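Each chain, written out:
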Amino acid sequence: MKVAIFSQDHEQTVKSLKLSLESHGIESITLGKKPLGKDIDYVIVTGGDRGVRTYFHNITSSTIPVLGINEYESSGFLAQTDLKQFTLYLNRLKKGDFSIEALPRVGVKIDDKPIYPALNDVAIFSSKSATLVEHVLRVNGEELWHDSSDGLIISTPIGSSAYSMSAGGPAIYQNSKVFCIVSVNSLDITRRPLIVPEDTLIEIDDISSSLRCEVIVDGKDRFKVDKTVTCTKFPQPANVIRMKKDSTTVSALAKKVKLADELLNMPPSSKLLLKTLEYEGSLTQKELAEKTLLPDRTVRLALSHLLEKGYVKRRVSLRDTRQRIYEIPK
């Protein structure tokens, strides 16, 4: 058996994985820029869910199954095991004692130019929050609506429990062969999420706003869009190794319900900071104060509360070690 290891800036983790694989008689290589060889049986990806998404953004056409690993004692939706548990699963890996889940991906074209496929969701927003975006939605060439809203989200089943659900979309069971379209805070109060078959051609046309419009793929990269975004099912699914039998959708719902209960007792300032970080991404304390218009002292207290509860994590800025950057843990 031969496996490839995909890792970004986790040298110590790679060394640990290689030692464990070697002790079980499994040959391994570190995956670089060269294409995957035909002799590779599996790919092991570090960095948790974010690492798995990054792998599938870079390796778009491979069908080799992927096992995601978290560096810490936690589990995600794509990476179900952590580094400490890894050796326990190696014998099962050698025996093939696991299931492989083929996760559908969304193929994306922006103004007729293809980019990498999305595993969770494709979102269209203005470059500044709380700015309306006007668009026309067409499904299989037929116009469904002309809308003005904060934005639009197209999600896969596994992405339905993430940003889409926060915007009012439904939770979609894992094996459903559908995509979900959610208009975020539409001016039309009758607008509801739309479920379409996964082989549907989704076109978002005549996109316009008072500011620049952007397409955000899997909450990671932003691309400027002038007029049109086209979404279709990507030909190759993302093949993920499942060691556990529990449903990702059910576990995601359980986490969402727990979070909703805790949010009821959260101070309004903490809720505002949490939503700002969810939408804008990583920010400094000063940037949070500017974007929320909250007093500095209120921002400090809200951040302390969020850090204590584990909703937000803090890291040192690489550009300025005196700065602290706050973000939502993935």
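Because the structure is predicted, anything quoted here is derived from the model rather than measured.

## Notes on the overall build of the protein
- Scanning the protein for helices and strands turns up 8 helices and 22 strands.
- Taken against the 2.2 N^0.38 rule, which gives 20 Å for 330 residues, the C-alpha radius of gyration of the protein at 21 Å falls within 12% of a compact globule.
- The principal-axis extents of the C-alpha atoms in the protein amount to approximately 60 × 50 × 35 Å.
- Expressed as a percentage of the 330 residues in the protein, the buried residues total 47%.
- When contacts within the protein are restricted to residue pairs at least 6 apart in sequence, long-range pairs at least 24 apart make up 65% of them.
- Counting only carbon and sulfur atoms, one obtains 51% of the accessible surface of the protein, whose full area is about 17200 Å².
- Distance from the positive charge centre (46 side chains) to the negative charge centre (41 side chains) of the protein: 5 Å.

## Things to note about unusual backbone geometry
- Even without being a glycine, Asp112 presents a positive backbone phi close to 70°.
- Its location among the elements puts Asp112 in the loop between β7 (106-110) and β8 (113-114).
- On the accessibility criterion, Asp112 (67% relative accessible area) is exposed.
- Unlike most non-glycine residues, Asp218 shows phi in positive territory, near 55°.
- Inspection of the secondary structure assignment puts Asp218 in the loop between β16 (213-217) and β17 (221-225).
- Assessed through its relative accessible area of 8%, Asp218 is described here as buried.

## Quick word on the environment of Leu307
- Note on placement: Leu307 falls in helix α8 (residues 296-309).
- With a relative accessible area of 26%, Leu307 lands in the partly exposed category.
- Taking the C-alpha atoms as reference points, Leu307 and Tyr326, 19 residues apart in sequence, are found 9.2 Å from one another.
- Ignoring sequence-local partners within four residues, the contact set of Leu307 consists of Val312, Lys313, Arg314 and Tyr326.

## Quick notes on the packing of helix α7 (residues 285-292) against α8
- One can describe the packing of α7 onto α8 by two numbers: an axis separation of 10 Å at closest approach and a directional angle of 115°. Crossing geometry of α7 relative to α8 is assigned as right-handed. Across from Gln285, Leu288, Ala289 and Thr292 in α7, the residues of α8 making contact are Asp296, Val299, Arg300 and Leu303.
- Class assignment for the residues of the contact of α7 with α8 results in 4 nonpolar, 2 polar and 2 charged.

## A short note on the environment of His305
- Summarising the element assignment, His305 is placed in helix α8.
- Residue classification places His305 among the partly exposed residues on the basis of a relative accessible area of 21%.
- Taking the C-alpha atoms as reference points, His305 and Phe234, separated by 71 residues in sequence, lie 41 Å from one another.
- Among all residues touching His305, those that are not within four sequence positions of it are Met266, Pro267 and Ser270.

## Some details on the packing of aromatic side chains
- Inspection of the entire model under this criterion finds 5 aromatic pairs.
- Both rings, one in Phe6 and one in Tyr55, keep their centres 5.3 Å apart while their planes meet at 75°; by these two values the pair is edge-to-face. Taken together, the residues span a long stretch of sequence, with Phe6 in strand β1 (residues 2-6) and Tyr55 in helix α2 (residues 48-58) at a distance of 49 residues.
- Exposure remark for Tyr55: the relative accessible area of 1% places this residue in the buried category.

## Thoughts on the nonpolar core
- Core analysis: the largest hydrophobic core is formed by 25 residues, its most contacted members being Ile181, Ile202, Ile204, Ile207, Val215 and Val229.
- Mapped by element, the contributors of at least two residues to this core are β7, β9 (121-126), β10 (133-139), β12 (151-155), β13 (178-184), β15 (202-209), β16 and β18 (229-233).
- If near-sequence neighbours (up to four positions away) are discounted, Ile207 is found in contact with Ile124, Val133, Glu134, His135, Cys213, Val225, Asp226, Lys227, Thr228 and Val229.
- Residues Tyr55, Leu78, Ala238 and Val240 belong to the second largest nonpolar core, which totals 19 residues.

Scoring rules and cut-offs
Residues numbered from 1 in each chain as written. Predicted model: local features only at pLDDT ≥ 70, side-chain atom pairs only at ≥ 80, totals over all residues. Heavy atoms only, no water. Helix = DSSP H or I, 4+ residues; strand = E, 2+ residues; numbered from the N terminus. Rg over C-alpha atoms; globule rule 2.2 N^0.38 Å. Buried < 20%, exposed > 50% of the residue type's maximum accessible area, 1.4 Å probe, protein only. Contact = heavy atoms within 4.5 Å. Areas by Shrake-Rupley, 256 points an atom, 1.4 Å probe, with all protein chains shown as cover. Lys, Arg positive; Asp, Glu negative; His and termini not counted. Charge placed at Lys NZ, Arg CZ, Asp CG, Glu CD. Axes fitted to C-alpha atoms, helices over the stretch in contact; angles between N-to-C directions. Left-handed = near helix turned anticlockwise from the far one by under 90°. Nonpolar A, V, L, I, M, F, W, Y, C, P; charged D, E, K, R; others polar. Phe/Tyr/Trp six-rings, centres within 6.5 Å; stacked < 30°, edge-to-face > 60°. Core = buried A, V, L, I, M, F, W, Y, C linked by side-chain atoms within 4.5 Å.

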